[in-house]
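Residues per chain, in single letters:
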Amino acid sequence: MIGTTVPSQDRFPRCVAQVLLAAVAALTLAACGSGIDGQGGALAAGTTRLSGTVTYREKVALPPDAKVEVRLEESTQGTPPVTVAMQIFDSAGRQVPIPFTLEVNRDVLKGERMYALAATIRSQSGEVLYASTDDETNLSSPNTTARIEIFVHPVRSSSAQR
């Protein structure tokens, strides 16, 4: 075996460890610099993402063509809420809990104001089936990264009241 070189057993594992460490560090820095939000999606600069579910306690199935509306509202005492951001999407046959993600431009959020999340579930014809109640989902900070659960309650239709 004259003239052949055998790599040291210590060098190979150390080399692999160094490459892996460098790769992890590079990915971490890239994620921080590119606005990756930890949920697999990139956020635009100046945007915050509110994520959670819309749910209810009743054991009743939603119609397969129901529409879900999630709103971030500025809620000032004594005045009607003002919608700051809104998302409307098809339930696509899903049942509760239904996930949502609402992206909000941070420039419209004011630190001294109160904000709340509201949700409505409507039939395909637009009839309100479920709605959240006032002040049920107040946010201490609209920049929260915690998962949010919005409870909606059945709404009696005007035809059902007759």
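Residues numbered from 1 in each chain as written. Predicted model: local features only at pLDDT ≥ 70, side-chain atom pairs only at ≥ 80, totals over all residues. Heavy atoms only, no water.

## A short note on the overall build of the protein
Assigned secondary structure in the protein consists of 2 helices and 9 strands. The buried share among the 162 residues of the protein stands at 30%. Once local pairs closer than 6 in sequence are excluded, the contacts in the protein between residues at least 24 apart make up 62%. For the protein, the exposed surface amounts to about 10,800 Å²; the carbon and sulfur share of it is 57%. (Helix = DSSP H or I, 4+ residues; strand = E, 2+ residues; numbered from the N terminus. Buried < 20%, exposed > 50% of the residue type's maximum accessible area, 1.4 Å probe, protein only. Contact = heavy atoms within 4.5 Å. Areas by Shrake-Rupley, 256 points an atom, 1.4 Å probe, with all protein chains shown as cover.)

## As for the sheet that holds strand S4 (residues 98-105)
In space, the 3 strands of this open sheet follow the order S4-S1-S8, with mixed pairing throughout. Unpaired on one side and paired on the other, S4 and strand S8 (148-151) mark the two borders of the sheet. Adjacent strand axes in the sheet meet at a mean angle of 35°, parallel and antiparallel pairs treated alike. Relative to S4, strand S1 (residues 47-55) runs antiparallel, the two being bridged by 8 bridges. In the sheet register, Ser51 faces S4, and the bridge partner there is Thr101. (Pairing = 2+ DSSP bridges. Axes fitted to C-alpha atoms, helices over the stretch in contact; angles between N-to-C directions.)

## Focus: the nonpolar core
Formed by 24 residues in total, the largest nonpolar core has its most connected members in Val70, Leu72, Leu102, Leu117 and Ile121. Those elements that provide at least two residues to this core are S1, strand S2 (67-74), strand S3 (82-90), S4, strand S5 (115-122) and S8. Those residues in contact with Leu102, other than ones at most four positions away along the chain, are Thr48, Arg49, Leu50, Val70, Arg71, Leu72, Ala85, Met86, Gln87 and Leu117. (Core = buried A, V, L, I, M, F, W, Y, C linked by side-chain atoms within 4.5 Å.)

## Details of unusual backbone geometry
Omega for the peptide link from Val96 to Pro97 comes to 0°, which places this bond in the cis form. With respect to the helices and strands, the residue Pro97 is situated in the loop between S3 and S4. Within the chain, Ala92 stands out as a residue other than glycine whose phi angle is a positive 55°. With respect to the helices and strands, the residue Ala92 is situated in the loop between S3 and S4.

## Quick notes on the pattern of salt bridges
Applying the stated criterion across every chain yields a total of 5 salt bridges. For Arg113, the salt bridge is made with Glu74, and the minimal N-O distance between the two is 3.2 Å. Taken as a pair, Arg113 in the loop between S4 and S5 and Glu74 in strand S2 lie far apart in primary sequence, 39 residues in all. Take Arg113: its relative accessible area is 35%, and that puts it in the partly exposed class. In this structure, a network of salt bridges that share partners links the residues Glu69, Arg71 and Glu73. (Salt bridge = Lys/Arg side-chain N within 4 Å of Asp/Glu carboxyl O.)

## Some thoughts on the environment of Val155
With respect to the helices and strands, the residue Val155 is situated in the loop between strand S9 (153-154) and helix H2 (158-161). Residue classification places Val155 among the partly exposed positions, given a relative accessible area of 36%. Taking the C-alpha atoms as reference points, Val155 and Leu129, separated by 26 residues in sequence, lie 5.4 Å from one another. Those residues in contact with Val155 that lie beyond four places of it in its chain are Val128, Leu129, Tyr130 and Ala131.

## Overview of the packing of aromatic side chains
Per the stated rule, a full pass over the model turns up 1 aromatic pair. The positively charged end of Arg57 is found above the aromatic ring belonging to Phe151, 4.3 Å away from the centroid. (Phe/Tyr/Trp six-rings, centres within 6.5 Å; stacked < 30°, edge-to-face > 60°. Lys NZ or Arg CZ within 6 Å of the ring centre and 35° of its normal.)

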